[in-house]
Amino acid sequence: MTYRITFAVAGRARFLSHLETVDTLLGALRRAGFDIALSKGMKPRPVISLALPRAVGIETLADIADVELRGDHEPLDVGERLANHLPMGMTVIAVEPATGKQAASRVESVTYRVEVADDVDWDAGLAAFAAAEACEVVRTAPNKASKRVDVRRFCTALAHEPGALEMELAVTDAGTARPEELTQAVAALVGATPNIERLVRTAIRLREPVGAHT
Amino acid sequence: MTQAALERRIESVLETVQKPSRYIGGEANQVQKPQATTVVALCYPDAYEVGISNQALQILYQQVNARPAMAAERVYCPWPDMADAMRREGLPLFTLETWRPVREVDLLGITLQAELTYSNVLEVLDLAGIPLRAADRGEGDPIVVAGGPSASNPAPLAPFFDAFFMGESEEAFEDVLDAMAGAAGRAARMAALAENPHLDLPGRGRRDVERAIHTEFGIETQPIEVVVPYSSAIFSRASVEVMRGCTRGCRFCHAGTWYRPVRERPAEQVIEAGLAQLACTGYDELSLTSLATSDYTDVVPAIEGIKERMPDLHLSLPSNRVDTGPVAMTAAANARQSSITLAPEAATQRMRDIICKTITDEMIENAIEAAFRAGYTSLKMYFMIGLPRETHAEVQGIVDLGLKAREIGRRVRAGGRFSVHVSASNFVPKPHTPFQWEGMSSRDQLVAKQGYMRRAMPTRQIRLSLHDVRTSMLEGALARGGEELADVIERAWRAGARFDAWTEMFAEAAWEAAFAEAGTTIDEVATREYGEWDELPWDHVRSGVSKEFLLDEWWQSRAEVATGDCRWDGCADCGACFGPVRNKLVH
Ligand code: SF4
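Model, not experiment: these values are computed from the prediction.

Visitor: Any details on the overall build of chain B? Residues and values, ideally.
Guide: Per the secondary structure count, chain B includes 21 helices and 17 strands. At 24 Å, chain B has a C-alpha radius of gyration in line with the 25 Å of a compact globule built from 587 residues. Along the first, second and third principal axes, the C-alpha set of chain B runs to 70 × 60 × 55 Å. Of all 587 residues assigned to chain B, the portion counted as buried reaches 61%.

Visitor: With reference to specific residues and values, describe a negative patch on the surface.
Guide: All names here are of chain A. Taken together, the side chains of D118, D119, D121, D123 and E197 make up a negatively charged region of the molecular surface. Mapping D119 onto the fold places it in the loop between β5 (107-116) and α3 (122-131). Look at D119 and you get exposed, because its relative accessible area is 57%.

Visitor: Kindly report on the site of the ligand, identifying the contributing residues and their values.
Guide: Around the ligand lies a shell formed by T247, R260, C566, C571, A572, D573, C574, G575, A576, C577 and N583 of chain B. Across the shell around the ligand, the residue classes break down as six nonpolar, three polar and two charged.

Visitor: Would you mind going over helix α14 (residues 392-413) of chain B in detail, with residue names and values included?
Guide: Residues and elements named next belong to chain B. Over its 22 residues, α14 extends 31 Å from the first C-alpha to the last, a length consistent with the 32 Å expected when each residue adds 1.5 Å. When we look at burial in α14, the residues that qualify are E394, V395, G397, I398, V399, L401, G402, A405, R406, I408, G409 and V412. Contacts from the buried residues of α14 go to α12 (349-355), α13 (361-373), β14 (378-385), β15 (419-426), α15 (443-456) and β16 (462-466). Phi turns positive one or two residues past the end of α14, at A414, with a value near 40 degrees.

Visitor: Mind laying out the environment of A497 of chain B, listing which residues take part and the relevant values?
Guide: All names here are of chain B. Within the secondary structure, A497 sits in the loop between α17 (485-494) and α18 (508-517). Separated by 13 residues in the primary sequence, A497 and A510 have C-alpha atoms spaced 6.3 Å apart. Excluding residues within four positions of it along the chain, A497 makes contact with S119, A492, A507, A510 and W511.

Visitor: Which residues make up the pattern of salt bridges, and what values do they have?
Guide: Pairs can form between side chains of opposite charge once their charged atoms are near each other. What the rule picks out here adds up to 66 salt bridges over all chains. Close ionic contact of R14 of chain A with E15 of chain B constitutes a salt bridge, the shortest N to O distance being 3.1 Å. Of this pair, R14 of chain A sits in the loop between β1 (2-9) and α1 (18-31) while E15 of chain B sits in the loop between α1 (3-14) and β1 (38-44), which puts the two residues in different chains. By relative accessible area, which is 45% here, E15 of chain B ends up partly exposed.

Visitor: So what about the sheet that holds strand β8 (residues 238-241) of chain B? Which residues, and what values?
Guide: Strand pairing in a sheet relies on backbone hydrogen bonds. The paired strands run either parallel or antiparallel. Residues and elements named next belong to chain B. Strand order across the open sheet formed by three strands is β8-β11-β12, with parallel pairing between neighbours. A strand with exactly one partner marks an edge of an open sheet, and here the two such strands are β8 and β12 (314-316). Mean inter-strand twist for the sheet, computed between neighbouring axes without regard to direction, equals 20 degrees. In the sheet, β8 pairs with strand β11 (residues 285-289) via four bridges, with the strands oriented parallel. Pairing of V240 across the sheet is with L288, part of β11. Contacts from helix α9 (residues 267-281) reach β8 and β11 within the one sheet, and its direction differs from that of β8 by about 155 degrees.

Rules used in this analysis
Residues numbered from 1 in each chain as written. Chains lettered and ligands numbered in written order. Predicted model: local features only at pLDDT ≥ 70, side-chain atom pairs only at ≥ 80, totals over all residues. Heavy atoms only, no water. Helix = DSSP H or I, 4+ residues; strand = E, 2+ residues; numbered from the N terminus. Rg over C-alpha atoms; globule rule 2.2 N^0.38 Å. Buried < 20%, exposed > 50% of the residue type's maximum accessible area, 1.4 Å probe, protein only. Patch = residues over 30% accessible without salt bridge, like charges linked within 9 Å, V, L, I, M, F, W, Y side chains within 5 Å. Areas by Shrake-Rupley, 256 points an atom, 1.4 Å probe, with all protein chains shown as cover. Salt bridge = Lys/Arg side-chain N within 4 Å of Asp/Glu carboxyl O. Lys, Arg positive; Asp, Glu negative; His and termini not counted. Charge placed at Lys NZ, Arg CZ, Asp CG, Glu CD. Near = heavy atom within 4 Å. Nonpolar A, V, L, I, M, F, W, Y, C, P; charged D, E, K, R; others polar. Expected span 1.5 Å × (residues − 1). Contact = heavy atoms within 4.5 Å. Pairing = 2+ DSSP bridges. Axes fitted to C-alpha atoms, helices over the stretch in contact; angles between N-to-C directions.

Geometric descriptors of this kind do not, in isolation, establish any biological role.
Here it is, written out as structure tokens:
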């Protein structure tokens with residue numbers, strides 16, 4: 001049976017990479033006494049997928065993992081036992097039976113809270129951003145040519161409160177924007193460079209109601 | 001700086017470095033004891049992913065933490081990007097458990113598992129803010145103790161350590177911990193350690209020190225709740241040490257002397273410990289470790305007992321004898337694995353007699369055939385080049401055996417896919433072995449032999465890997481060098497040497513210049529031969545195996561005669577057994 005585990009990563013655990021996060025979840029489930037289902041084929045692997053990878057250093061309040069366990073367990077029991085075996089900084093938020101397509105193929109949007117220094121006129125930046133048709137940033141990646149990305153088209157909500165920007169970014173077939181890119185783009189509209197103090201992923205929204213059959 | 005401020009600054013540095021999980025601690029089974037009155041930092045002077053799986057440090061971690069008032073905390077050598085950032089930001093080296101500065105601990109234990117980590121020892125001390133030389137340390141500094149197999153020649157690092165602990169920690173290190181708990185302050189503690197027979201104290205002059213031996217080798221010293229590394233570690237599996245020591249007597253092998261005699265644990269204890277460790281680590285693989293697991297008397301009942309309870313478990317048996325029985329056993333233990341490793345070490349009978357590797361051509365060929373018949377599609381074979389009295393025939397022999405393995409693979413696999421991987425490392429003579437008097441083969445010879453193998457070995461279905469001659473030569477120089485090397489090591493480190501075992505990091509020019517300043521070269525020290533009557537830099541370290549026995553074995557190697565294994569062929573009087581210390585087989 002496949003379970004959808006919603007979990008948080010905070011504190012030093014945010015320095016775990018995506019792969020390390022997956023391995024840490026698997027190790028904790030095994031220590032909790034669960035038997036993880038293996039894929040078929042020559043090299044069987046545990047059946048687990050995360051809705052979205054998390055960049056090293058970003059905290060999350062609600063990441064999602066779909067994992068198949070052998071046997072039937074009460075979701076509450078899975079959550080309680082798993083919680084006892086997670087390392088410092090990782091916590092279980094909820095466990096429910098996962099039905100339908102895996103979460104990884106259904107991510108509609110992601111919300112972030114970006115804590116920033118208030119040395120930028122954010123309200124002016126937000127107004128300029130709302131008025132702009134497009135807002136390009138230069139995306140660089142190691143060993144790849146840099147490219148220009150319009151981050152405006154991915155932003156479905158943006159608000160400012162003292163010390164933080166709250167934003168929702170759509171995940172589409174054409175890609176998505178990174179929260180730090182959006183923050184930079186907004187600051188650039190008022191000629192500023194932002195000072196990001198903390199980045200927290202607050203929610204992942206899936207394309208159809210969780211648990212619906214397809 | 002307050003602890004909270006230090007932690008905030010560490011976190012901001014972690015935002016900028018590669019693999020920050022190397023520095024965060026917090027793994028499953030980590031022990032935190034903020035109230036402990038005595039803190040022991042345990043350091044493996046290499047990257048986290050290399051050091052975290054080290055079994056000796058896991059044993060010490062358990063041993064120290066078993067004392068209510070003592071805490072063991074881990075330290076690894078920060079990768080250069082982190083080290084540079086720490087220097088830039090003025091951050092001290094910290095332990096993983098509490099992020100406390102290493103300089104504030106009471107004892108810093110550094111394990112010396114390989115000579116190519118010596119520059120990292122200085123890197124660790126410097127980052128910690130501990131004076132490099134023991135003579136410059138004061139009351140506020142920790143006592144810095146070395147351990148591990150390479151401590152058996154303490155000379156090259158002597159000025160940098162307060163003490164070298166010789167041998168196995170399980171029983172004898174208790175006295176060191178007692179001294180730490182019983183006295184306060186560095187001077188009083190050093191005084192309490194002065195009479196310890198297993199400690200070499202360079203600051204107090206040369207005297208004989210004895211290797212400590214864990215006589216009982218009971219299962220209670222096998223760590224169960226081991227720290228589970230984040231996924232980047234080189235080994236992510238449970239492991240139970242089924243046997244310690246090996247008396248096969250391979251003449252190149254340091255461990256073959258240093259861990260004598262043989263001690264085994266009964267199958268039922270191994271099974272219980274293995275299952276318990278699997279349960280509390282969440283690993284899906286278990287390794288039954290030793291220097292030669294197929295020699296372990298209870299190997300079959302141990303495998304069967306574990307398989308009975310966990311049929312799907314991935315069981316690995318490292319370091320097996322080259323023979324059909326062990327190949328079949330390895331295959332039965334782990335049906336998922338597609339590759340197997342055999343270590344004939346030398347390809348001709350003559351050379352195997354010289355090095356005392358008592359296997360025959362027939363056994364090797366049968367083992368290769370058995371491996372392919374068992375369904376393995378990748379066969380790895382380990383050899384050494386540059387062994388004493390090696391001729392062209394030995395090097396050609398490796399090429400021929402590679403070809404032979406391919407021929408057997410083609411016949412047995414009958415058109416199916418397979419590959420042969422031949423790996424040849426460069427022989428480095430080590431202290432406390434019968435080859436301790438031998439000089440290393442010259443750089444030119446090794447390079448020429450490697451060149452020949454590259455030309456002569458076909459590439460279809462055979463992969464050849466050869467070790468970097470430059471780092472092997474340095475390893476050779478450091479392994480059998482004397483105290484004169486301490487200045488060389490310090491100079492090389494000051495000129496940028498660190499992580500020497502990582503080929504991409506190897507600062508050859510820094511080492512060359514450091515040796516040149518001492519009026520010598522890496523090659524001169526590495527190829528130096530010692531005479532029978534020479535006083536060796538490590539002669540005062542008593543491994544238990546007598547110098548007479550080693551000398552006798554050296555002569556036997558020149559006569560090209562192998563010596564039998566004392567477990568089955570009678571005692572060869574090596575000196576390791578005395579009183580309660582003796583080969584202790586389960587049956
Ligand atoms: S003293 Fe004899 S029995 Fe003991 S390890 Fe040495 S050779 Fe073997």
